[in-house]
Amino acid sequence: MARKRKTDGRTPRRALWLRTLIAITACGVAVGGLAAYRTFSDDTATERPVTTEEASRLALSRLNLYQASPVAVTLTATEGGGVVVRVKGVVDYRTHRAVGSYQVTGASGSSGTSGTSGPATGQLDHGLIVWDTGGLGLAPAPKGDNSPAWQQAEHIPRSGWSARSYTTDPLDAGLQLLIGLGADRPDNPLLLAQSGARRLGRERIDGRSYDRFAGPRAQGATPSAGSDGGRSPLTYWVDGDGGLRRVTMRMPGLGTPTTLEFSGRDDRAKLPEAPWATG
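Visitor: Would you mind going over the overall build of the chain with me for this structure?
Guide: Counting its regular elements, the chain contains five helices and 13 strands. Here the chain holds 279 residues, and 46% of them are scored as buried. A fraction of 67% describes how many contacts in the chain between residues 6 or more apart in sequence connect residues 24 or more apart. Roughly 13600 Å² of accessible area belongs to the chain as shown, and the carbon and sulfur atoms make up 51% of that amount.

And the structure:
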């Protein structure tokens, strides 16, 4: 899609942080997950470096995600000020394209209930979203159409999308991370281990066990640097077969991380051509 540049005055330091994070991901791994799912810890083992077997599962996870395409995904990003953006859609890692619906919720004014007043949480915006490696596009959802987002998007011509390049906002950073997670070949497990990937524990999500890993550290970071011990801002949940379920991404200045969840292959989904069509 054609991209419109967006400038917002953010510091070069934060932009550098995002570029570094995406570069780390390109030689790392991925997953998905949301707090809405019941999660129980069944392992309180002390944090430690990954074993050879664990590094091998991490190395396979991006390939497994690629082979499962198109994959159902959910992204939740906290933008600050109580505003939350949730995107539900599908990603095709073979074409590096994705489509879904988005919903923005947050404080919407006075509640006016039972004689009390104050901020009430409500829907602020919603619509369709498409994204790829270059940026994203937004469009209003067709009224009265309850079909999947990928079907709705096919009926909106390219001119109907408001397109722009990525910024460093939590939503944009999450979308950019999400589209780059799958890969057509496994990573190098030795490099993953040498770059500081660590096992943090084990959890059960909907009855299945997942190992929780901190990803490779940023270049130049040391295990003792900062309050987080120099740990990567990315945390992954990976099962015994190298399947990816959840990834969380800590953003500078935000207490709530951006969360991605992968729900497996969506056999019905077909990525639309209209948003990217030319001519």
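Visitor: Which parts of the structure should I look at to understand the packing of aromatic side chains?
Guide: Aromatic ring pairs are reported here in terms of the distance separating the ring centres and the angle at which the planes meet. If you walk through the whole model with that rule in mind, you get zero aromatic pairs. Between Arg94 and the ring centre of Tyr66, over which it is positioned, the NZ or CZ distance is 5.0 Å. Directly above the ring of Trp237 sits Arg246, whose terminal nitrogen or CZ lies 5.0 Å from the centroid.

Visitor: Can you walk me through helix H2 (residues 52–67) in this structure?
Guide: Turn by turn, an α-helix covers 3.6 residues, leaving residues three or four places apart pointing in a common direction. With 16 residues, H2 should reach 22 Å at 1.5 Å per residue; the first-to-last C-alpha distance of 23 Å fits that figure. Along its length, H2 shows its largest kink, about 30°, at Ser61. Taken residue by residue, H2 has Glu54, Ala55, Arg57, Leu58, Ala59, Ser61, Arg62, Leu63, Leu65 and Tyr66 as its buried positions.

Visitor: Even after reading the chapter, I still don't get helix H4 (residues 170–179), so can you show me in this structure?
Guide: In terms of burial, H4 is largely enclosed, as nine of its ten residues are buried. Of the positions making up H4, those classed as buried are Pro170, Leu171, Asp172, Ala173, Gly174, Leu175, Leu177, Leu178 and Ile179.

Visitor: I keep staring at the pairing of strand E11 (residues 234–238) and nothing clicks. Help me out?
Guide: Regular strands place their side chains on alternate faces of the sheet. Within E11, five of the five residues are buried, which leaves it mostly tucked inside the rest of the structure. Burial along E11 is two-sided: Leu234, Tyr236 and Val238 facing one way and Thr235 and Trp237 facing the other are all buried. Sheet topology note: the strand E10 (residues 208–214)/E11 ladder contains four bridges and is antiparallel. Bridged to Ala214 within E11 is Thr235. As paired strands, E11 and strand E12 (residues 244–249) are joined by five bridges and run antiparallel to one another. Within E12, the residue paired with Thr235 across the bridge is Thr248.

Visitor: Teacher, can you tell me more about the pattern of salt bridges here?
Guide: Should their charged atoms come close, side chains of opposite charge can pair. Evaluation of the coordinates by the stated rule reveals 18 salt bridges. Between Arg164 and Asp172 there is a salt bridge, with the nearest N and O atoms lying 2.4 Å from each other. A salt bridge links Asp241 to Arg208, with the shortest nitrogen-to-oxygen separation between them at 3.5 Å. Residue Asp241 is found in the loop between E11 and E12, and its partner Arg208 is found in strand E10; the two are separated by 33 residues along the sequence.

Visitor: Just to check I follow, could you spell out the nonpolar core for this structure?
Guide: Inside soluble globular proteins, nonpolar side chains tend to come together where they are buried. Counting residues in hydrophobic clusters, the biggest one holds 40 residues, and the most contacted among them are Trp131, Leu178, Leu181 and Phe262. Of all the elements, H4 adds the most residues to this core, at six residues. With residues up to four places along the chain from it excluded, the contact list for Leu178 reads Val73, Leu75, Val91, Tyr93, Trp131, Leu260 and Phe262. Within the second largest apolar cluster, 13 residues are counted, among which are Val90, Val99, Ala139 and Trp161.

Visitor: What's the story with the side chain of Arg57 in this structure? I'm lost.
Guide: If you trace the backbone, Arg57 turns up in helix H2. There is a polar contact of 2.6 Å between the side chain of Arg57 and the side chain of Glu53. Side chain to side chain, Arg57 and Asp211 meet in a polar contact 2.7 Å long. Setting aside chain neighbours within four positions, we find Arg57 in contact with Asp211, Phe213, Val238, Asp239, Gly240, Asp241 and Gly242.

Rules used throughout
Residues numbered from 1 in each chain as written. Predicted model: local features only at pLDDT ≥ 70, side-chain atom pairs only at ≥ 80, totals over all residues. Heavy atoms only, no water. Helix = DSSP H or I, 4+ residues; strand = E, 2+ residues; numbered from the N terminus. Buried < 20%, exposed > 50% of the residue type's maximum accessible area, 1.4 Å probe, protein only. Contact = heavy atoms within 4.5 Å. Areas by Shrake-Rupley, 256 points an atom, 1.4 Å probe, with all protein chains shown as cover. Phe/Tyr/Trp six-rings, centres within 6.5 Å; stacked < 30°, edge-to-face > 60°. Lys NZ or Arg CZ within 6 Å of the ring centre and 35° of its normal. Expected span 1.5 Å × (residues − 1). Bend = angle between axes of the 7 residues up to and from the residue. Pairing = 2+ DSSP bridges. Salt bridge = Lys/Arg side-chain N within 4 Å of Asp/Glu carboxyl O. Core = buried A, V, L, I, M, F, W, Y, C linked by side-chain atoms within 4.5 Å. Polar contact = N/O pair within 3.5 Å; in protein donor to acceptor, adjacent residues only side chain to side chain.

Just geometry here; none of it tells us what the structure is for.
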